[in-house]
Amino acid sequence: MLNYQAPLDLAFQALADPTRRIMVERLSQGPASVSELAQPLDMTLSAVVQHLAVLEASGLVRSQKVGRVRTCRIEPTALHSAERWISERRASWERRLDRLGTFLVETDPTAKPRRRK
Amino acid sequence: MTVRNAKHATFTIERVYPASPARVFAAWSNKEAKTAWAYCHPEWPVSDHVFDFREGGREHLVTGPAGGTRHVFDAVFHDIVPDQRIVYAYDMHLDERRISVSLATIEFFAVAGGTRLVLTEQGAFLDGYDDIAGREEGTRIGLDNLDRQQRQQRAA
Amino acid sequence: MTERSTKHATFAIERTFAAPPSRVFAAYADVKSKARWFGGPEDWGKSNLKLDFKVGGRESESGGPPGGPVHYYNAIYQDIVPDERIVLTYEMHLDKTRISVSLGTTEFKPAGAGTRLVYTEQAVFLDGHDDAGGREQGFGGLFDQLARFLEMQ
């Protein structure tokens, strides 16, 4: 049986956040600079940098500064297949349970009707 | 050559929802409700969805990125206690390859203000899968889903 | 009203047999062979094992001490790799009450000329029916019976 060592818990924590999941998705398509990662996200650069720090601490992402540009990439050896599968199952459940929450709010029969765009 | 090596793991996730256990359970037991939230990748086309929610019944789902790997989900419902508990076994295939078999336990507890949902997955991961499939699985979330959540939060 | 609760547990048992993986696997795959070792103690009576050994196939057996509750075992085969692995899910009932649902993985690994068998069970015990290791002990007994069956072949 797999032991839940700290690296796995850190990876779970890292992937439990939707912003970090977007960042990991982007990086799984190829390396990116911090500003490239930040571009589609609706938050300050320092918030992005904080998320990146969590991803690096979890071992999922590696970054390297060359000159003034910090480039981030997925750490390919960080997760073996089984650990990656578990992270993905867990992340998948987290996303779906988020959507369940949204669905329950939207279908609440006691809520006042809201105007929606 | 396939390296055969099963790995086992268990994890638990809890959520509290501002809805009664009956409403939360209905989101799992009703096919139309379930399809509103339960697809891993709602942006992928679904070519087949069978849903027979009863003890001994099955669920079958075929989806995947257009032109890409076929993701097949097959479940059997082992234990159903209305408004309280669901236990089902499911396996996942990527194309022809069975990737995993898991037991999922979902419990619905009435708490002040709503329902505490406790999800426990006990899984057997079977054989490694290659990096291409791994990248496709990824930890993707549609930006429109995130946007919708954020709009929901701002409107609240 | 029944008090609802669950307890999740995982255990693993390893045994080494002198027989090669193909023979140990055959003891699982053939109903006549399996009935000789997979069952309760003698006072539970003759085996009524039914086995349809294929993915999606079912397995069932029942028995119990005379005058006591009847144990029902019902399994569904989830994954079969000949001579290497069997994965199934099964339910146990005591009379009409479901007491557990389990995921069982049996791996047959070559060990010299013999086999190292690894059985991992991930179980959910329902509504207070957890058994403080009794299930694990029960499997230990079954593997003793399997060892004797393989020796006698």
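Data block above holds the structure.
Residues numbered from 1 in each chain as written. Chains lettered and ligands numbered in written order. Predicted model: local features only at pLDDT ≥ 70, side-chain atom pairs only at ≥ 80, totals over all residues. Heavy atoms only, no water.

Visitor: Would you mind showing me how to read the overall build of chain C here?
Guide: Assigned secondary structure in chain C consists of three helices and seven strands. When the helices and strands of chain C are placed in sequence order, the string is β-α-α-β-β-β-β-β-β-α. A compact globule built from 153 residues should have a C-alpha radius of gyration of about 15 Å, and chain C, at 16 Å, falls within 12% of that. Taking the principal axes of its C-alpha atoms as reference, chain C extends roughly 55 × 30 × 30 Å. Buried residues in chain C amount to 46% of all 153 residues. Intrachain contacts of chain C at a sequence separation of at least 6 include 49% that bridge at least 24 residues. Averaging the coordinates of the 18 positive side-chain charges in chain C and doing the same for the 21 negative ones gives two points 4 Å apart. (Helix = DSSP H or I, 4+ residues; strand = E, 2+ residues; numbered from the N terminus. Rg over C-alpha atoms; globule rule 2.2 N^0.38 Å. Buried < 20%, exposed > 50% of the residue type's maximum accessible area, 1.4 Å probe, protein only. Contact = heavy atoms within 4.5 Å. Lys, Arg positive; Asp, Glu negative; His and termini not counted. Charge placed at Lys NZ, Arg CZ, Asp CG, Glu CD.)

Visitor: How should I be thinking about the environment of Gln64 of chain A in this particular structure?
Guide: All names here are of chain A. In this structure, Gln64 sits in strand β2 (residues 61–66). For the pair formed by Gln64 and Ser33, sequence separation is 31 residues and the distance between their alpha carbons is 9.4 Å. If near-sequence neighbours (up to four positions away) are discounted, Gln64 is found in contact with Val69, Arg70, Thr71 and Arg73.

Visitor: Hey, could you run me through the nonpolar core in this one?
Guide: Buried together is how nonpolar side chains tend to be arranged in soluble globular proteins. Counting residues in hydrophobic clusters, the biggest one holds 39 residues, and the most contacted among them are Leu100 of chain A together with Val24, Trp28, Tyr88 and Leu117 of chain B. Sorting elements by how many residues they give to this core places helix α5 (residues 81–106) of chain A first, with seven residues. (Core = buried A, V, L, I, M, F, W, Y, C linked by side-chain atoms within 4.5 Å.)

Visitor: How should the sheet that holds β2 of chain A be read in this particular structure?
Guide: Backbone hydrogen bonds are what pair the strands of a sheet, in a parallel or an antiparallel way. Residues and elements named next belong to chain A. Strands sit in the order β1-β3-β2 across an open sheet of three strands; the sheet is antiparallel. On the outer flanks of this sheet lie β1 (32–33) and β2, each paired with one strand and no other. Looking at chain direction, β2 and strand β3 (residues 69–74) are connected through six bridges and run antiparallel. When the sheet's bridge partners are listed, Arg62 is paired in β3 with Arg73. Strands in contact with helix α2 (residues 18–28) are β1, β2 and β3; relative to β3, the strand with the most contacts, it is inclined by about 85°. This element, helix α4 (residues 45–57), spans β2 and β3 of the sheet and lies at about 120° to β2. (Pairing = 2+ DSSP bridges. Axes fitted to C-alpha atoms, helices over the stretch in contact; angles between N-to-C directions.)

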